[in-house]
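So the chains spell out like this:
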Amino acid sequence: MSKPDDQHLQHGKVVDNPWRRLREFTDARIGLGRAGISLPTSEMLAFQLSHAQARDAVHFPLDVDALCAQLADLSNLPNDAPLRLHSQAQDRTTYLQRPDLGRLLDDTSREQLAALPAASSQSDLAIVIVDGLSSLAVQQNAAAFLAPLLELLQAEAEPWRLAPVTVVEQGRVAVGDGIGELLNARAVLLLIGERPGLSSPDSLGLYLTWNPKPGLNDAARNCISNVRPAGLPYAEAARRVLYLLREARRLNLSGVKLKDRTQDEVIEHGGSGKNFLVSE
């Protein structure tokens, strides 16, 4: 007598997996089922498509003209047009092989910033947009995230003076430190395309650094990741950034000593209303 699984295979059907119901709550590849000892053809094709999309996100260049046009439609930005800058990695191959060059501006970009009138007076915040490892993330999410953030900044009782917005090609996170110093900004908010995953080729990362200067490491920054429609919504990301900016200005620091408390009331324990992961 044949087993139930054998009966499914005899009729050319995929053997289902009871874990599949969990896919209603996650994009993770679980409960894929099987056809014989292999993955179902549809799941294998879906994996190959996601892999190709992740590779494309890394290699496709950022359309800077289109991004600048999106930024021009935003209100509350400084009147200066976004400044187009470039790292010392002159092409994508060099960028991927030499991360150190992506952390530094080329000479032309440094001279461009140093010659700005804005560099002679201090600003509160420099917004830096960097292609990173996913130009798709920046193209789709940068302007959409900045719209609610700029509204929040404008509504603040203590205003935030913005430096000219910069767009950097072939850049890494640390490139924002040099830009912040050249623009004489008290803080830098860097928007960058994160390393693509198989379910998230369009994930935007946000890095906040107080008192930016070359030579800082990641311990000096605060990070908010996975900003995109299928991840952290723009409005929520903007609210968290505003909280960190307020605290950074109050404490004159950022990084590991600056804790994001915006979710303290989200995880509750025993109805206490306190986050049980946070010590007293």
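This section reports on the structure supplied with the text. Worth saying up front: this structure is predicted, and the values here are computed from it rather than measured.

**Observations regarding a nonpolar patch on the surface**
Next, step 1: On the surface, Leu39, Met44, Phe47 and Leu198 cluster together to form a nonpolar patch covering roughly 300 Å² of accessible area.
Next, step 2: Along the chain, Leu198 turns up in the loop between strand S4 (185-193) and strand S5 (204-210).

**Some words on the packing of helix H3 (residues 64-72) against helix H7 (residues 135-154)**
When two helices pack together, their arrangement is given by the angle between the helix axes and the distance between those axes.
Next, step 1: Two elements in contact, H3 and H7, have axes separated by 9 Å at closest approach and are oriented at 15°. In terms of axis orientation, H3 runs roughly parallel to H7. In the packing of H3 onto H7, the handedness of the crossing is right-handed. Seen from H3, the contacting residues are Ala66, Leu67, Gln70 and Leu71; seen from H7, they are Val138, Gln139, Ala142, Ala143 and Leu146.
Next, step 2: Classifying every residue of the contact of H3 with H7 by side-chain character gives seven nonpolar, two polar and no charged.

**Looking at the pairing of S5**
Next, step 1: For S5, the tally of buried residues reaches seven of seven residues, placing the bulk of the element in the interior.
Next, step 2: In S5, alternate side chains face the same way, and those of Leu204, Leu206, Leu208 and Trp210 on one face and Gly205, Tyr207 and Thr209 on the other are all buried.
Next, step 3: Judged from the seven bridges that link them, S4 and S5 form a sheet pairing that is antiparallel. Note that in S5 the partner of Leu191 across the bridge is Leu206.
Next, step 4: Across five bridges, S5 lies against strand S6 (residues 221-227) in antiparallel orientation.

**Side note on the environment of Ser254**
Next, step 1: Its place among the elements puts Ser254 in the segment after helix H9 (234-251).
Next, step 2: The spatial distance from the C-alpha of Ser254 to the C-alpha of Ala219 is 8.5 Å, given a sequence separation of 35 residues.
Next, step 3: Once residues within four sequence positions are removed from consideration, Ser254 is found in contact with Leu208, Thr209, Trp210, Ala219, Ala220 and Asn222.
Next, step 4: At 2.7 Å, the side chain of Ser254 and the backbone oxygen of Ala220 are in polar contact.

**Brief notes about the packing of H7 against H9**
Next, step 1: Here H7 crosses H9 at 55°, and the two axes come no closer than 9 Å. Regarding the angle of H7 to H9, the classification is oblique. Here H7 runs over H9; the crossing is right-handed. On the side of H7, the interface is formed by Gln140, Asn141, Ala144, Phe145, Pro148, Leu149, Leu152 and Leu153, while H9 contributes Tyr234, Ala235, Ala237, Ala238, Arg239, Val241, Leu242 and Leu245.
Next, step 2: Along the lines of polarity and charge, the residues of the contact of H7 with H9 split into 13 nonpolar, two polar and one charged.

**Looking at the pattern of salt bridges**
Next, step 1: Throughout the structure, instances matching the rule amount to 14 salt bridges.
Next, step 2: Here Arg249 and Glu158 are joined by a salt bridge, their closest N and O atoms 3.7 Å apart. Of this pair, Arg249 sits in helix H9 while Glu158 sits in the loop between H7 and strand S3 (166-169), and the two are 91 residues apart along the sequence.
Next, step 3: Arg249 sits in the buried class, given a relative accessible area of 14%.
Next, step 4: Among the charged side chains, a network of salt bridges with common partners joins Asp124, Arg161 and Arg186.

**Some words on helix H8 (residues 175-182)**
The periodicity of an α-helix, 3.6 residues per turn, causes residues three or four places apart in sequence to face the same way.
Next, step 1: The buried fraction of H8 amounts to seven of the eight residues, a majority that puts the element mostly inside the structure.
Next, step 2: Of the positions making up H8, those classed as buried are Val175, Gly176, Asp177, Gly178, Ile179, Gly180 and Leu182.
Next, step 3: Positive backbone phi, at 55°, marks Asn184, one or two positions downstream of H8.

What counts and what doesn't
Residues numbered from 1 in each chain as written. Predicted model: local features only at pLDDT ≥ 70, side-chain atom pairs only at ≥ 80, totals over all residues. Heavy atoms only, no water. Patch = residues over 30% accessible without salt bridge, like charges linked within 9 Å, V, L, I, M, F, W, Y side chains within 5 Å. Areas by Shrake-Rupley, 256 points an atom, 1.4 Å probe, with all protein chains shown as cover. Salt bridge = Lys/Arg side-chain N within 4 Å of Asp/Glu carboxyl O. Helix = DSSP H or I, 4+ residues; strand = E, 2+ residues; numbered from the N terminus. Axes fitted to C-alpha atoms, helices over the stretch in contact; angles between N-to-C directions. Parallel < 35°, antiparallel > 145°, perpendicular 65-115°, else oblique. Left-handed = near helix turned anticlockwise from the far one by under 90°. Contact = heavy atoms within 4.5 Å. Nonpolar A, V, L, I, M, F, W, Y, C, P; charged D, E, K, R; others polar. Buried < 20%, exposed > 50% of the residue type's maximum accessible area, 1.4 Å probe, protein only. Pairing = 2+ DSSP bridges. Polar contact = N/O pair within 3.5 Å; in protein donor to acceptor, adjacent residues only side chain to side chain.

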